[in-house]
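Working through the structure, step by step
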Amino acid sequence: MADGNNPAPPPAASPLQSHRYAIKSSAHNTAASRRREQAVAIGKERREALMRAKRVCRTPLSGSNESAIEDGDMVIDDEKEGLETRTAQAVQELKSSLSSQGKGAQKKKIEALRALRRLLSQSEVPPIEVAIKAGAVPLLVQFLSFGSSDEQLLETAWCLTNIAAGQPEETKTLLPALPLLIAHLGEKSSTLVAEQCAWAVGNVAGEGSDLRSTLLAQGALLPLARLMLSNKGSTARTAAWALSNLIKGPDPKAVNELIKIEGVLNAIIRDLEKADEELATEVAWVVVYLSALSEKAISLIVRSHVPQLLIARLLASENLQLLIPVLRGLGNLVAGDGYMVDSVLIVGHSITDQALSSLIKCLKSDNRVLRKEASWALSNIAAGSFEHKKLIFTSEATPLLIHLLTSAQFDIRKEAAYTLGNLCVVSAGSTDPPNIITEHLASIINGGALPGFVNLVRSADIESARLGLQFLELVMRGYPNGQGPALVERQDGIDAMERFQFHENEAMRNMANGLVDKYFGEDYGLE
């Protein structure tokens, strides 16, 4: 135990150390479940705040012959009644065109498809429900038949894409179309047709786990993965977006299959390194779910060039839509594999300095997600070697984290607390109390962190309260010259701990009562 002013020498670190819980007296390997929970959370944030999990296709795909929609072409929503009437009529025209024979029949089909597609894509609120009730979906399934022209397939897939972007029950009506949409993802389809079908499949996958399971069972994963290898940027981008919807879990089977597909990892590296930010964003989301759900994927990714590319993007970009998945992916990798910290983020190497700079940049951001994610990533790096702890401690990150602990939203305060706590200890194993790095502890307390930890003890969140109690124990045990208990008392720490005196959680009750008895017993305050 380091009771003096010099830090304890670091023991040999286990590459499988649970970074997230390094300040605890017993280690709990919760890194994998943590990454999965965070993947679900960030997926929700993605839907609600950043980018829709389902997307309406309003403009033609790059390379198609259809002219771009002019602003004046947009259907005004106050024409709702007329819009619905025209939609029902368009579906009837579609049905009529199916029975057309002879010269001009194909042209009639294309015109009927295009009329319906324009109604579904040019309205601010597409008339999806009306189209479905009029019988559009089974008709569109017939238009997807093999041997149809690319123009017919493209228009049909576009209609289905926008129907799939509707409400849950509307999306589910596409079940009969899924086998053909997946079939047209294949190598025999033109790039445009395959890309539009990928968009439709991505919208279906974005609806929920049941439809994802159906798509996976019908074989959507492999052709989407192959599309992501495309040299055409828009195709690779659409495929990557659809894949991220398809593999987002919670079952890890899909990501384990995806990472084994030849060329996938190389495509990820290529697009993170050279692609524009839109494509890099979609590929970064693929990395997020791979690293959240698959230990095998993490192992392959951290031993590739991906970590360096994520760090470079994080440092260079100001694009929030790119920064969030890049930071989440990097955080997953740091949390998931000791090799990432021990062998990639080596102290003294430029990549490590760049990683720290990029994380500090995110701590300074006004965006809540970036601050939280950066704090989480730093907490796992801070649970590494003494050299990693010292690197963070001597950087601008420490005062920023203290500020976040005392002023930020609760979830950010919790992540900042983990990082600061990890900076103060060197793990002594799974059973013994961790050794205190006295210099770090004293400096962080003198920097104003103690009130933040006392507030965590008062939290209704048990994990946060436990973290607060653990840090108070460090202060009372290890602050120089035995001044720890007095510091805790001055911050009303005794009162905070005594709230657990009769708490229903036995472990918390015993921990808090034990600390009060040990440090504030009958002899407290006596010379």
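Residues numbered from 1 in each chain as written. Predicted model: local features only at pLDDT ≥ 70, side-chain atom pairs only at ≥ 80, totals over all residues. Heavy atoms only, no water.

So, on to the overall build of the protein chain. Helices and strands together make up the secondary structure of the protein chain, namely 30 helices and two strands. Going through the 527 residues of the protein chain one by one, you find that 57% of them count as buried. A separation of at least 24 residues holds for 74% of the contacts in the protein chain among residues at least 6 apart in sequence. For the protein chain, the accessible surface area stands at approximately 22,100 Å², while carbon and sulfur atoms represent 49% of it. (Helix = DSSP H or I, 4+ residues; strand = E, 2+ residues; numbered from the N terminus. Buried < 20%, exposed > 50% of the residue type's maximum accessible area, 1.4 Å probe, protein only. Contact = heavy atoms within 4.5 Å. Areas by Shrake-Rupley, 256 points an atom, 1.4 Å probe, with all protein chains shown as cover.)

Our focus in this paragraph is the packing of helix 9 (residues 191-205) against helix 10 (residues 209-217). For the pair helix 9 and helix 10, interaxial distance at closest approach is 8 Å and the crossing angle is 135 degrees. By the angle between their directions, the pair helix 9 and helix 10 is classed as oblique. Residues Val201, Val204 and Ala205 of helix 9 form the contact with helix 10, whose participating residues are Leu211, Arg212 and Leu215. For the contact of helix 9 with helix 10, a count of residues per class yields five nonpolar, no polar and one charged. (Axes fitted to C-alpha atoms, helices over the stretch in contact; angles between N-to-C directions. Parallel < 35°, antiparallel > 145°, perpendicular 65-115°, else oblique. Nonpolar A, V, L, I, M, F, W, Y, C, P; charged D, E, K, R; others polar.)

The next thing to look at is unusual backbone geometry. Located in the positive-phi region is Asn481, a residue other than glycine, with phi close to 60 degrees. One can find Asn481 in the loop between helix 27 (462-478) and helix 28 (484-490). For Asp492, which is not glycine, the phi torsion reads 60 degrees and is therefore positive. With respect to the helices and strands, the residue Asp492 is situated in the loop between helix 28 and helix 29 (493-498).

With their axes 11 Å apart at the nearest point, helix 24 (residues 410-423) and helix 26 (residues 450-457) run at an angle of 120 degrees to one another. One finds that helix 24 runs oblique with respect to helix 26. Of the two elements, helix 24 crosses helix 26, and the hand of that crossing is left-handed. Residue-level contacts link Phe410, Arg413, Ala417, Leu420 and Gly421 of helix 24 to Phe453, Asn455 and Leu456 of helix 26. (Left-handed = near helix turned anticlockwise from the far one by under 90°.)

With 14 residues, helix 20 (residues 350-363) should reach 20 Å at 1.5 Å per residue; the first-to-last C-alpha distance of 20 Å fits that figure. Taken together, the buried positions of helix 20 are Ile351, Thr352, Ala355, Leu356, Ser358, Leu359, Ile360, Cys362 and Leu363. The inward-facing, buried residues of helix 20 abut helix 17 (306-316), helix 18 (320-336), helix 19 (338-344), helix 21 (368-382), helix 22 (386-393) and helix 23 (397-407). (Expected span 1.5 Å × (residues − 1).)

Next up on the list: the nonpolar core. The biggest cluster of nonpolar side chains holds 168 residues, and the ones touching the most others in it are Leu258, Ile268 and Met497. Sort the elements by how many residues they give to this core and helix 15 (residues 277-293) lands first, with 12 residues. The residues contacting Ile268, other than those within four sequence positions of it, are Met228, Val283, Val286, Val287, Leu290 and Val306. (Core = buried A, V, L, I, M, F, W, Y, C linked by side-chain atoms within 4.5 Å.)

Looking at the element boundaries, Arg413 is found in helix 24. With a relative accessible area of 18%, Arg413 lands in the buried category. Through-space distance from the C-alpha of Arg413 to that of Lys372 is 8.3 Å; in sequence the pair is 41 residues apart. Apart from the residues within four sequence positions on either side, Arg413 is in contact with Leu404, Leu405, Ser407, Ala408, Asn455 and Leu456. Among the polar contacts made by the side chain of Arg413, one reaches the main-chain carbonyl oxygen of Ala408 at a distance of 3.2 Å. (Polar contact = N/O pair within 3.5 Å; in protein donor to acceptor, adjacent residues only side chain to side chain.)

Quick look at the confidence of the model for the protein chain now. Averaged over every residue, the pLDDT of the protein chain is 87; residues scoring 70 or more account for 85%. Within the model, the stretch residues 1-19 combines pLDDT values under 50 with 39 contacts to residues more than four positions away or in other chains. Across residues 43-52, confidence stays below pLDDT 50; counting only partners more than four residues off in sequence or on other chains, it has 24 contacts. (pLDDT = per-residue confidence, 0-100.)

Applying the stated rule across the entire model yields two aromatic pairs. Measuring from ring centre to ring centre gives 6.2 Å for Trp285 and Tyr289, while their planes differ by 25 degrees; the resulting arrangement is stacked. You can see Trp285 and its partner Tyr289 sitting in helix 15, four residues apart, about one turn around the helix. The same class applies to Trp285 as to Tyr289, namely buried. Both rings, one in Phe453 and one in Phe471, keep their centres 3.6 Å apart while their planes meet at 5 degrees; by these two values the pair is stacked. Of this pair, Phe453 sits in helix 26 while Phe471 sits in helix 27, and the two are 18 residues apart along the sequence. One cation-aromatic arrangement involves Arg117 over Trp158; the distance from NZ or CZ to the ring centre is 3.9 Å. Between Arg303 and the ring centre of Tyr339, over which it is positioned, the NZ or CZ distance is 4.1 Å. (Phe/Tyr/Trp six-rings, centres within 6.5 Å; stacked < 30°, edge-to-face > 60°. Lys NZ or Arg CZ within 6 Å of the ring centre and 35° of its normal.)

We now examine helix 15. For an α-helix, 3.6 residues make a turn, and residues three or four places apart therefore share a direction. The end-to-end C-alpha separation of helix 15 is 24 Å, in line with the 24 Å expected for 17 residues at 1.5 Å each. Most of helix 15 is tucked away, with 15 of its 17 residues classed as buried. Capping the start of helix 15 is the job of one residue whose side-chain oxygen sits 3.0 Å from the backbone nitrogen of Glu278: Asp276.

With that out of the way, let us pick up the environment of Glu124. Mapping Glu124 onto the fold places it in the loop between helix 3 (105-121) and helix 4 (128-133). Judged by relative accessible area, Glu124 falls into the partly exposed class, the value being 48%. Once the C-alpha coordinates of Glu124 and Arg58 are considered, the two residues, 66 residues apart in sequence, prove to be 9.7 Å apart.

The subject of this paragraph is the pattern of salt bridges. A side chain of one charge can pair with a side chain of the opposite charge if their charged atoms are brought near each other. Per the stated rule, a full pass over the model turns up 20 salt bridges. The salt bridge partner of Lys133 is Glu129, with a shortest N-O separation of 2.9 Å. Pair noted here: Lys133 and Glu129 are both in helix 4, with a separation of four residues, about one helical turn. We classify Glu129 as partly exposed; its relative accessible area is 44%. For Lys414, the salt bridge goes to Asp461, with nearest N and O atoms at 3.2 Å. One end of the pair, Lys414, is in helix 24; the other, Asp461, is in the loop between helix 26 and helix 27, and 47 residues separate them in sequence. Overall, the relative accessible area of 13% leaves Lys414 in the buried class. Judged by its relative accessible area of 27%, Asp461 falls in the partly exposed class. Among the ionic contacts, a cluster of salt bridges with common partners joins Arg114, Arg117, Glu151 and Glu155. (Salt bridge = Lys/Arg side-chain N within 4 Å of Asp/Glu carboxyl O.)

Looking at where Gly166 falls in the secondary structure, it is placed in the loop between helix 6 (150-164) and helix 7 (168-172). Gly166 sits in the buried class, given a relative accessible area of 12%. Distance from Gly166 to Val125, taken between C-alpha atoms, is 9.5 Å for residues 41 residues apart in sequence.

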